[in-house]
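What the coordinates show
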Amino acid sequence: NDIYIVAPASLSEDVVAAVLKTVWDANEELRSVTARMRLWTRERMVSTEASIPFHPGAVKFFREKGVWPAAMEKLQAEIGKH
C-alpha cells in the first residue's frame, strides 16, 4: 500500500515543498522508525498507483527531483477529475 501525506489544495506550494524536502532529506532516518516506514523509499514517493491527486506543490517538487515520470501526467489528470 502507498503512504499518503494529505493536504488541502489551498495549502501553499512553498509549505508543501518544505514538508516534502524534510521527508526527502530525512528518508533514511524515517525509514528506521517503523516497519511500515521502511517501505517508503524516495522511489515510492511518486506512485502510478496513486488514488488521490498530488498537490501542485508536490508535482513541482517531484519534477525538480526528476522523479515525476511522464505516466504521472495522465494519472494526475484522471484522478484529479474525481
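First things first, this report covers the structure right here in the doc.

Rules used throughout
Residues numbered from 1 in each chain as written. Predicted model: local features only at pLDDT ≥ 70, side-chain atom pairs only at ≥ 80, totals over all residues. Heavy atoms only, no water. Salt bridge = Lys/Arg side-chain N within 4 Å of Asp/Glu carboxyl O. Helix = DSSP H or I, 4+ residues; strand = E, 2+ residues; numbered from the N terminus. Buried < 20%, exposed > 50% of the residue type's maximum accessible area, 1.4 Å probe, protein only. 1 Å grid on protein atoms, 1.4 Å probe; cavity = no way out; pocket = protein on both sides within 12 Å on 5 of 7 lines; lining within 4 Å. Points joined across faces, edges and corners; volume = space filled by probe spheres on them. Nonpolar A, V, L, I, M, F, W, Y, C, P; charged D, E, K, R; others polar. Contact = heavy atoms within 4.5 Å. Polar contact = N/O pair within 3.5 Å; in protein donor to acceptor, adjacent residues only side chain to side chain.

What about the pattern of salt bridges?
- One pass over the full model with this rule turns up three salt bridges.
- For R31, the salt bridge is made with E28, and the minimal N-O distance between the two is 3.2 Å. Of this pair, R31 and E28 are both found in helix α2 (residues 27-31), three residues apart, which corresponds to roughly one turn of the helix.
- A relative accessible area of 57% places E28 in the exposed class.
- With a closest N to O distance of 2.6 Å, E73 and R63 form a salt bridge.

Examining the layout of surface pockets
- If you add up the space inside the largest pocket, you get close to 450 Å³.
- As for the largest pocket, its lining consists of 23 residues, of which I5, V6, F54, H55 and A58 are closest to the centre.
- Sorting the residues of the lining of the largest pocket by element identifies α1 (13-25) and α4 (56-65) as the ones contributing at least two each.
- Across the lining of the largest pocket, the residue classes break down as 19 nonpolar, two polar and two charged.

Notes on the environment of V67
- Relative to the helices and strands, V67 is located in the loop between α4 and α5 (70-80).
- In this structure, the C-alpha to C-alpha distance between V67 and R44, residues 23 residues apart in sequence, is 9.6 Å.
- Those residues in contact with V67 that lie beyond four places of it in its chain are W24, V46 and F62.

Side note on the environment of R42
- You can see R42 is positioned in the loop between α3 (35-38) and α4.
- Since its relative accessible area comes to 32%, R42 is described here as partly exposed.
- Through-space distance from the C-alpha of R42 to that of P56 is 18 Å; in sequence the pair is 14 residues apart.
- If sequence neighbours within four positions are ignored, R42 has contacts with W24, D25 and N27.
- Of the polar contacts made by the side chain of R42, one reaches the backbone oxygen of W24; its length is 2.7 Å.

Worth remembering: the numbers are spatial, not functional.
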